[in-house]
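Each chain, written out:
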Amino acid sequence: MILMFIRNTIDWFQETTKKSFFKLKNVVTTIIIVIFVFIILLWLSVFMYGSFYYSYMPTESYILPVHLNFRTCDVGIGACSFPSANISLLKSGQENMFVTGQLYSIVLNLDLPESNVNKELGMFIVKLQLYNKNGESLSSATRSVSVGTMLHYRSELLRVLDTFVFSPLLLSGFVEQKQMLMIEFFSNYVDDAYNPAVGIIVEIQNLHVQLYTMVLKMYAKFTGLRYFLYHWPMMSALFGISCNLVMLLFIALLSWYQCLSTKKTNSSEYNSYDDDFESLEERRKRIRKMMDKEKEDKRLSTSKSLPEFGETETIGGETTEELLPDSDNTSDSFLRHRHIKHHSDQDHDS
């Protein structure tokens, strides 16, 4: 009794352990699959948002250096034509910098030295012109610039003190005595999608202006969704990735539910097929029993039509005793018995 109890306890413990391990294995497998699917959907959401942001958001600004060209005088000193520059707006030789429907601000920045020539220069004209691939002018703007008034005024004493204080930096080249002049030509320029601009011509209509560098800047002015995406990038990224993740999770759950429904449908069809198969087997058994019963009835009817054992039959004045084969005897045993009876009668007569 004690051994049986110990054996039953061990068997119960083994069975419980197997069931618990099987359930734990299923739970861990399910958790791993869910985490793996969630990570894949999260990365896919990030990729979708990044692709949308890259394709929808244009470049914030373009900074293009302006290299001026002019015709020198016959003596080889000074400029005998207005300095001008031709700037291409094609990226990699094919793609236009401007995005269709986007507002742009076009600004020209000039670095001017604080020289006496520029202070005494007075007013001059700067012209900017955009042209298409056929060389036709699309839009142009001219701005009048007064260097003497736009440069910040500083007296001689202030200039001397500034030079003395910043002399180490000026000598080392970290600081230069210059000022920047900003000229805005377009504040809300929109490029035509059917006739885009491919280049810009900048012309300074003054022969004596002194310049360090000149830079053309084009700023995109975002509105609507682009404004929100640009000024609140983290919030917009979190919102966009969350929306993509919810959508992908809904699609995944719908697919999982559809798979379970299909599996249940197939299982029910298989069970109904098994029921039909079992009913068919039962029908076959019943038919087989009926056929066996008919054969038995036919054999019984055949045996009843023959004379039973012990009955006499008169043939040619002779009485013979015949044996009717029972249901358990065969026709051979019946014929053998008649043959033995006939020989015994002949010996008796002799």
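Preceding block: the structure.
Residues numbered from 1 in each chain as written. Predicted model: local features only at pLDDT ≥ 70, side-chain atom pairs only at ≥ 80, totals over all residues. Heavy atoms only, no water.

**Overview of the overall build of the protein**
- Per the secondary structure count, the protein includes eight helices and twelve strands.
- Sorting the 350 residues of the protein into buried and exposed places 23% on the buried side.
- Counting every atom, the protein has about 26,000 Å² of accessible surface; 62% of that belongs to carbon and sulfur. (Helix = DSSP H or I, 4+ residues; strand = E, 2+ residues; numbered from the N terminus. Buried < 20%, exposed > 50% of the residue type's maximum accessible area, 1.4 Å probe, protein only. Areas by Shrake-Rupley, 256 points an atom, 1.4 Å probe, with all protein chains shown as cover.)

**A closer look at the sheet that holds strand β9 (residues 199-205)**
- What the four strands build is an open sheet, ordered β2-β9-β6-β7; its pairing is antiparallel. Of all strands in the sheet, those bounded by a partner on one side alone are β2 (84-88) and β7 (137-146). Adjacent strand axes in the sheet meet at a mean angle of 15°, parallel and antiparallel pairs treated alike.
- Direction of pairing for β2 relative to β9: antiparallel, over a ladder of five bridges. Following the sheet pairing, Ala-85 is matched in β9 by Val-202. (Pairing = 2+ DSSP bridges. Axes fitted to C-alpha atoms, helices over the stretch in contact; angles between N-to-C directions.)

**Brief notes about the nonpolar core**
- Among the nonpolar cores identified, the biggest contains 40 residues, and Phe-98, Ile-106, Leu-108, Leu-128, Leu-130 and Met-218 are the most heavily contacted of them.
- Excluding residues within four positions of it along the chain, Met-218 makes contact with Glu-60, Ser-61, Tyr-62, Leu-64, Leu-89, Met-97, Phe-98, Ser-105, Ile-106 and Ile-200. (Core = buried A, V, L, I, M, F, W, Y, C linked by side-chain atoms within 4.5 Å. Contact = heavy atoms within 4.5 Å.)

**Considerations on the pairing of strand β1 (residues 61-65)**
- Alternating positions in β1 separate cleanly, Tyr-62 and Leu-64 being buried on one face and Ser-61, Ile-63 and Pro-65 remaining unburied on the opposite face.
- In terms of strand pairing, β1 meets strand β10 (residues 213-221) through five bridges, oriented antiparallel. Directly across from Leu-64, in β10, lies its bridge partner Leu-216.

**Quick look at the pairing of strand β6 (residues 123-131)**
- In the sheet, β6 pairs with β7 via nine bridges, with the strands oriented antiparallel. Directly across from Lys-127, in β7, lies its bridge partner Thr-142.
- Counted along the chain from β6 to the antiparallel partner β7, the turn is five residues long, and its residue Gly-135 has a positive phi close to 85°.
- Across seven bridges, the pairing between β6 and β9 is antiparallel. What sits directly across from Ile-125, in β9, is Gln-205.

**Details of the sheet that holds strand β5 (residues 103-113)**
- With antiparallel pairing, the four strands of this open sheet are ordered in space as β1-β10-β5-β8. Edge positions in the open sheet fall to β1 and β8 (178-190), since each of these has one partner strand only. Averaged over neighbouring strand pairs, the angle between their axes works out to 20° when direction is ignored.

**Topic: the state of the cysteines**
- Summed over all chains, the structure comprises one disulfide.
- Linked covalently through their sulfurs, Cys-73 and Cys-80 form a disulfide whose S-S length is 1.7 Å. Looking along the S-S bond of the Cys-73-Cys-80 disulfide, the torsion reads about 125°, which is the right-handed sense. (Disulfide = S-S within 2.5 Å.)

**Structural notes on a nonpolar patch on the surface**
- A contiguous nonpolar surface patch, about 790 Å² in accessible area, is contributed by Val-27, Ile-31, Ile-35, Phe-38, Ile-39, Leu-42, Trp-43, Val-46 and Leu-249.
- With eight residues, the single largest contributor to the nonpolar patch is helix α1 (residues 2-56).
- The topology assignment puts Leu-42 in helix α1. (Patch = residues over 30% accessible without salt bridge, like charges linked within 9 Å, V, L, I, M, F, W, Y side chains within 5 Å. Salt bridge = Lys/Arg side-chain N within 4 Å of Asp/Glu carboxyl O.)

**Observations concerning the side chain of Lys-217**
- Its place among the elements puts Lys-217 in strand β10.
- The charged side chain of Lys-217 is buried without a salt bridge, its nearest counter-charge being Asp-111 at 8.4 Å.
- Not counting chain neighbours up to four residues away, the residues in contact with Lys-217 comprise Tyr-62, Ile-63, Ser-105, Ile-106, Val-107 and Asn-109. (Lys, Arg positive; Asp, Glu negative; His and termini not counted.)

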